[in-house]
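These are the residues of each chain, in order.
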Number of protein chains: 2
Amino acid sequence: MAGNAPPPQIVILGAGFAGLTAAKALKRAPVEITLIDRQNYHLFQPLLYQVATATLSPADIAVPVRSTLRDQENARVLLGSVESIDRDARMVHLADGREVPFDYLVVATGATHAYFGHDEWEPYAPGLKKIDDATEIRRRVLLAFEKAETEDDPEKRRALLTFVIVGGGPTGVEMAGAIIELARKTLVSDFHHIDPSSARVILAEAGPRILPAFAEELSAFATDSLRRKGVEVLCGNAVTDVGPKGVTLGGEDIGARTVVWAAGVKASPAARWLGVEGDRAGRVEVTESLTLPGEPRIFVVGDTAAAQWRDGVTVPGIAPAAKQMGAYAARAILADLKSRIIAPFHYRHQGNLATVGRQSAIVDFGRVRMKGFFAWLVWGAAHIYFLIGFRNRLIVMLHWIWAYVTLRQGVRLITGSTELPK
Amino acid sequence: MAGNAPPPQIVILGAGFAGLTAAKALKRAPVEITLIDRQNYHLFQPLLYQVATATLSPADIAVPVRSTLRDQENARVLLGSVESIDRDARMVHLADGREVPFDYLVVATGATHAYFGHDEWEPYAPGLKKIDDATEIRRRVLLAFEKAETEDDPEKRRALLTFVIVGGGPTGVEMAGAIIELARKTLVSDFHHIDPSSARVILAEAGPRILPAFAEELSAFATDSLRRKGVEVLCGNAVTDVGPKGVTLGGEDIGARTVVWAAGVKASPAARWLGVEGDRAGRVEVTESLTLPGEPRIFVVGDTAAAQWRDGVTVPGIAPAAKQMGAYAARAILADLKSRIIAPFHYRHQGNLATVGRQSAIVDFGRVRMKGFFAWLVWGAAHIYFLIGFRNRLIVMLHWIWAYVTLRQGVRLITGSTELPK
C-alpha cells in the first residue's frame, strides 16, 4: 500500500468564479490544492460597474481569497502571475521564477478586454475587468465634471461632459444607465457653473441592437428605457478610432474626454501557455469534458474556455457558467482519482439579467421574461444572494438602500492623480 | 445704497476640518464662498489608520466636498492646487493658471509628513495623511505577508515580516496596535508556510516615552498594553537611516521591508505662499485673532497655523482644534463685515484620545482620565459621533461590529501593483 505517497497536486490558475468554485468543491478530497492568482482577492465582477460609477466601494464586491479558503485545510493560496506551462514536465512556471508542479491543472484565468487590434486605444478607453479599472473609470468620470466646472472654452466643456460607452452588452448598458443617473440625479445640484444633467451619454453598439443575448422585446425595452433617461443609443456603426479628443463613430468625430470600453473581450493567454491555437476570442477549445484535447488531466474552464453548448454555440462568458464549469472540473478530478468517468459537461442556462438604471432591469429566463421594476427586484435579490460573504451582502444592501432613498452616491472619491490623460 | 455691489468674496483654501467648518459657519452670511482643495473629498483623518490596516474602506471616512456643501447656496467648490498668493492684488493663483480673487482669505491647507531633512527616506517610509497614502500602506503591509509566504531565504522572510513604525504619537501607536492584531488575529490562519503571528512590529520613538501629549500614567498603560500584544516599543533612540532593506535605530540595523512614517509633520507651504517665515514646523505664526500679522483679512487656521495656546505652547494639530479655529475665522469675518471686533481666539482643549488595539484606548480629559475597554467605548462613540454624514456613521459602525465579532478585517485588498519597492 502506498499510504505515504504524496497526495495528488491540484493546481488551479485563477481565483474567479470558475477557479474558486473548483477549489471549494474539492474541500474534502484527499488532494493538495494550490490556487494561484495575480490578485489577492476574488472579485464579484457583475457589480464592478457600480464601483466604476461610485455606488459601491471595492471592498464591497471583493473578498481576500485567503479569507474565503482559510478553513480549507487542503488548499493554499499563491499570489503570482503565470509565465508558462510545461505540459510534459507537469509544471507551472511563475513570472518570479517559482515553479509549481501539478498532477491535475485547472486553467481558469478569465478574459480581458480586446481592442480588435487597436491596443493603442486602451489609454483613452479603459475597460472594466479589475478593481483598478473600476477606480480608474470612476476617477475619470468624476474628474470630467470637475474639469468642466472650470473650463471656459465651450467646445472643451462639451467634450468633458460627453461620455461614450463602446459596446451594448450588459456592461455597456449598465454603465450608460449608471452614468446618466449620476449626471442627472446625483450630481445635478453639486455644481454652479455647469449643469451636469446636460451631459451627453452615448452608448455605441456596432450590431443592429443592444443586448443581443436577450430576447428582442427585452432589448427594445432596454433601448427605450435608456433613451427616456437621456442616453443616446446608437446602433449599427462601429467605432473606427479612439483618441485623446474622442471617438470616430460611423465616420463622425464625437468630442469626448471619457470613453469606456465594453465592446470585446479576449481570453487570457492560456492558449499560448498551453501551446495550442486559440479561437477568434483567444479561448482554448476544450473537449466535452472541459479538458484540453489529448490532456485528460488539464482542464480549461470559465471565460478562458470555448466549450460547446448547442448547435455550435459556445457556453457564454457569465458567472453562473463559470461556476458550473469549475464545479464540473472538480467532480471530474474526484472521479478520475477513483478511476471513474463522469458524463460530459452539460451547461444549464439559467438566464440573462441586466439593469437599466436605478429601478429597472430586464430578466430573460427563456420562457419567463420580465422587465422594469419587478425585474430589478429579481436582479437585486439574485446579486445579493450570490455575493460571497455575509458582511458584503449586508453592506451592499445598505449602500443600495441608501443610494436609492437619497439618490446620493457616496463613493464619489477621486483617488490617484487629479489630472486627466492628455 | 450699494445694493448691487458684489458680495464679499471669501476664499477658503483646504477642505479639512478647519476649512470645511469655516465654510459651513458662513452658510447664512451675505458672502460668496469659494472652497478650494486638491482633492474632491473631505477626509476624516483620525480614522485613516483603519484604512491603512484594512478595517475600513476609503469611502467610509471620506465624503465628497460638493456633497457636503450642496445645499449651501453661497458656496462653490473648486478642485485645484495653490501655486501662490498675491497679497497686494488679493488673488490666489492656482497651478493650472486660474486666478481666484478674494476679500477675505482663510488658509487651512493642513500639514504633511516631514522627514527632518531626509526626504530620500519617503519612498521607503510612507506617511499617512491622504487616502492614497493609506491604500499604499495597506498594499505594502498585506503584500509583505504574501511575499513572505513564498520566500525561502530566512533572512529575507524575517525582513518581510518586520514592520517598523517610526514615531510614537497617536498615529504610530494606533498603527502598531492595528498591525500586530492584523498579524496575530486576522491573518493567523490564512497562511501555510509562514506564521503571521511571528511578525515583529516595532514602534520606534525618539523621545523618552510614547504619547507625550498624554499624562504619564496613560502613556505607561499604552506601552504596557502594546507590549502585551507583542509590539516592541523602543524609546530613546532616533531612526538615523531608512532604506530599501530597513532602518537604522540607535546604531543598529533592523531589516524591515515595511516602514511607516508617523514621526513628524510639517505645515503645507502656506508660509511661502504668504511670503512670511514659517516656524520650525513650517507653520505660519498668527495673531491672537488667527490672522497674518498686518493682514486682518487673511486668516491662517488648523495645522497650518502656529497659534498660541498658553505659556508659549501652540494649539495642537488635532481635529477639534482645527474645527474651533475654522469656526473662529468665520465668526471674525462675520463680525468684520458688520465692522465689529470679536474677542481673541481661545482654544478649549477637550482632551486627547488614542486607541491601543481593538478593545483598548486611553482618554485624557485633563482631570478625567480613562484607560482600557471603557475608554475604547468612549473613543468609538466620539469618533462615530463626529463622522460627517449619517451613511458613513452607520456603515463604519457595522464594519467595526463585524470586525470585532469575527476578528476578520474585510478590506484586505491589494490594489495597484503587486510588487514591493525594490
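Residues numbered from 1 in each chain as written. Chains lettered and ligands numbered in written order. Predicted model: local features only at pLDDT ≥ 70, side-chain atom pairs only at ≥ 80, totals over all residues.

1. Examining the overall build of chain A
Then comes step 1: A tally of helices and strands in chain A yields 11 helices and 27 strands.
Then comes step 2: For chain A, the C-alpha atoms occupy an extent of roughly 80 × 40 × 40 Å along the three principal directions.
Then comes step 3: Expressed as a percentage of the 422 residues in chain A, the buried residues total 52%. (Helix = DSSP H or I, 4+ residues; strand = E, 2+ residues; numbered from the N terminus. Buried ≥ 20, exposed ≤ 12 C-beta atoms within 10 Å, placed from the backbone.)

2. A word on the relation of the copies chain B and chain A
Then comes step 1: Rotating chain B by 180° and translating it 0.0 Å along the rotation axis places it on chain A, where the RMSD comes to 0.0 Å. On the angle and the small slide along the axis, the relation comes out as a two-fold axis.
Then comes step 2: Same-surface contact between copies: 100% of interface residues of chain B are shared with the interface of chain A. (Least-squares fit on C-alpha atoms with pLDDT ≥ 70 in both. Contact = placed C-beta atoms within 7 Å.)

3. Quick word on the nonpolar core
Then comes step 1: Judged by nonpolar contacts, the single largest core of 278 residues is most densely connected at V106(A) and V106(B).
Then comes step 2: If sequence neighbours within four positions are ignored, V106(A) has contacts with I10(A), I12(A), L13(A), G19(A), A22(A), F299(A), V301(A) and A329(A). (Core = buried A, V, L, I, M, F, W, Y, C linked by C-beta atoms within 7 Å.)

4. Topic: unusual backbone geometry
Residues and elements named next belong to chain A.
Then comes step 1: You will see that L211, though not glycine, has its phi angle at about 50°, which is positive.
Then comes step 2: By secondary structure assignment, the location of L211 is in the loop between β12 (200–205) and α7 (216–229).
Then comes step 3: With a phi close to 65°, L290 is a non-glycine residue in the positive phi region.
Then comes step 4: When you line up the elements, L290 lands in the loop between β19 (284–285) and β20 (291–292).
Then comes step 5: Given 26 C-beta atoms within 10 Å, L290 falls into the buried group.

5. Structural notes on the sheet that holds strand β7 (residues 91–94) of chain A
Residue and element names in this part refer to chain A.
Then comes step 1: Spatially, β6-β7-β8 is the arrangement adopted by the 3 strands of the open sheet, whose pairing is antiparallel. Each edge of the sheet is formed by a strand with only one pairing partner; in this case those strands are β6 (82–86) and β8 (99–101). Direction aside, neighbouring strands of the sheet carry axes that sit 20° apart on average.
Then comes step 2: Pairing of β6 with β7, which is carried by 4 bridges, proceeds in the antiparallel orientation. From the neighbouring strand, S84 faces β7, where its bridge partner is H93. (Pairing = 2+ DSSP bridges. Axes fitted to C-alpha atoms, helices over the stretch in contact; angles between N-to-C directions.)

6. Notes on the confidence of the model for chain A
Parts of the model with low pLDDT should not have their predicted coordinates read in detail.
Then comes step 1: Within chain A, residue pLDDT values average 91, and 96% of them lie at 70 or more.
Then comes step 2: Both scores are given for the predicted complex: the pTM is 0.90, the ipTM 0.86. (pLDDT = per-residue confidence, 0-100.)

7. Comments concerning helix α9 (residues 319–337) of chain B
Residues and elements named next belong to chain B.
Then comes step 1: With 19 residues, α9 should cover 27 Å at 1.5 Å per step; its first-to-last C-alpha distance of 27 Å lies within 8% of that length.
Then comes step 2: Looking at the packing, one finds that the buried side of α9 touches β1 (9–13), α1 (17–25), β9 (104–107), β21 (295–300) and β22 (305–306).
Then comes step 3: At the exit of α9 stands S339, carrying a positive phi of roughly 55°. (Expected span 1.5 Å × (residues − 1).)

8. A few points about the interface of chain B and chain A
Then comes step 1: Taken together, the contacts link 38 residues of chain B with 38 residues of chain A.
Then comes step 2: Per-element accounting of the side of chain B that touches chain A gives the leading share, 5 residues, to helix α11 (residues 390–406) of chain B.
Then comes step 3: Of the residues that constitute the side of chain B that touches chain A, the class distribution is 16 nonpolar, 11 polar and 11 charged. (Nonpolar A, V, L, I, M, F, W, Y, C, P; charged D, E, K, R; others polar.)

9. Quick word on the packing of helix α6 (residues 170–186) of chain B against helix α7 (residues 216–229) of chain B
Residues and elements named next belong to chain B.
Then comes step 1: Put simply, α6 and α7 touch, their axes get as near as 10 Å, and they point 20° apart. One finds that α6 runs roughly parallel with respect to α7. Crossing hand, α6 versus α7: left-handed. Contact with α6, carried on its side by V173, A176, G177, I180 and E181, involves A222, L226 and K229 of α7 and no other residues of that element.
Then comes step 2: Of the residues that constitute the contact of α6 with α7, the class distribution is 5 nonpolar, 1 polar and 2 charged. (Parallel < 35°, antiparallel > 145°, perpendicular 65-115°, else oblique. Left-handed = near helix turned anticlockwise from the far one by under 90°.)

10. Concerning the sheet that holds β1(B)
All names here are of chain B.
Then comes step 1: Read across the sheet, 6 strands follow the order β5-β2-β1-β9-β21-β20 without closing on themselves; strand pairing throughout is mixed. The sheet is open, and its two edges are formed by β5 (75–79) and β20 (291–292), each paired on a single side.
Then comes step 2: In the sheet, strand β2 (residues 32–37) pairs with β5 via 5 bridges, with the strands oriented parallel. Counterpart to I36 in the pairing with β5 is L78.

11. Concerning the environment of R272(A)
Residue and element names in this part refer to chain A.
Then comes step 1: Among the secondary structure elements, R272 is positioned in helix α8 (residues 270–274).
Then comes step 2: A count of 14 C-beta atoms within 10 Å places R272 in the partly exposed class.
Then comes step 3: Between the C-alpha atom of R272 and that of A5, which follows or precedes it by 267 residues, the distance is 33 Å.

12. Notes on the domain arrangement of chain A
You'll often see interface size given as the accessible area lost when the parts meet.
Then comes step 1: According to the domain assignment, chain A contains domain 1 (9–38 + 80–113 + 265–337) and domain 2 (119–263 + 353–406).
Then comes step 2: Inter-centroid distance (C-alpha atoms) of domain 1 of chain A to domain 2 of chain A is 31 Å. (Domains from an automatic or database assignment.)

13. Considering the packing of helix α1 (residues 17–25) of chain A against helix α9 (residues 319–337) of chain A
Residues and elements named next belong to chain A.
Then comes step 1: Running from N to C, α1 and α9 point in directions that differ by 35°, and their axes come no closer than 7 Å. Both α1 and α9 take part in a crossing whose hand is right-handed. Along its contact with α1, which presents F17, A18, G19, T21, A22 and A25, the element α9 presents A319, A322, K323, M325, G326, A327, A329, A330 and R331.

14. A short note on the environment of L20(B)
All names here are of chain B.
Then comes step 1: Summarising the element assignment, L20 is placed in helix α1.
Then comes step 2: Between the C-alpha atom of L20 and that of H42, which follows or precedes it by 22 residues, the distance is 7.9 Å.
Then comes step 3: In this structure L20 touches A15, H42 and T68, once residues within four positions along its chain are discounted.

15. Thoughts on the pairing of strand β1 (residues 9–13) of chain A
The two faces of the sheet receive side chains in turn, since in a regular strand these alternate between them.
Residues and elements named next belong to chain A.
Then comes step 1: Here β1 lies mainly inside the structure; 4 of its 5 residues are buried.
Then comes step 2: Pairing analysis gives 5 bridges linking β1 to strand β2 (residues 32–37), with the strands arranged parallel. Considered in β2, the bridge of Q9 is made with E32.
Then comes step 3: Once the chain exits β1 it traverses α1 before rejoining the sheet at β2, and the crossover so formed is right-handed. (Right-handed = clockwise from strand over helix to strand, strands pointing away.)

16. Remarks on helix α10 (residues 373–386) of chain B
Then comes step 1: Between the first and last C-alpha of α10(B) there are 20 Å, a value that for 14 residues agrees with the 20 Å anticipated at 1.5 Å per step.
Then comes step 2: Residues of α10(B) that are buried in the fold lie against β25 (352–355), β26 (361–364) and β27 (369–372) of chain B.

17. Some thoughts on the environment of D303(B)
All names here are of chain B.
Then comes step 1: Mapped onto the fold, D303 is located in the loop between β21 and β22.
Then comes step 2: Take D303: there are 32 C-beta atoms within 10 Å of it, and that puts it in the buried class.
Then comes step 3: C-alpha of D303 to C-alpha of A281: the two residues are 22 residues apart in sequence and 10.0 Å apart in space.
Then comes step 4: Setting aside its immediate chain neighbours within four residues, D303 contacts G110, A111, A267, G317 and A322.

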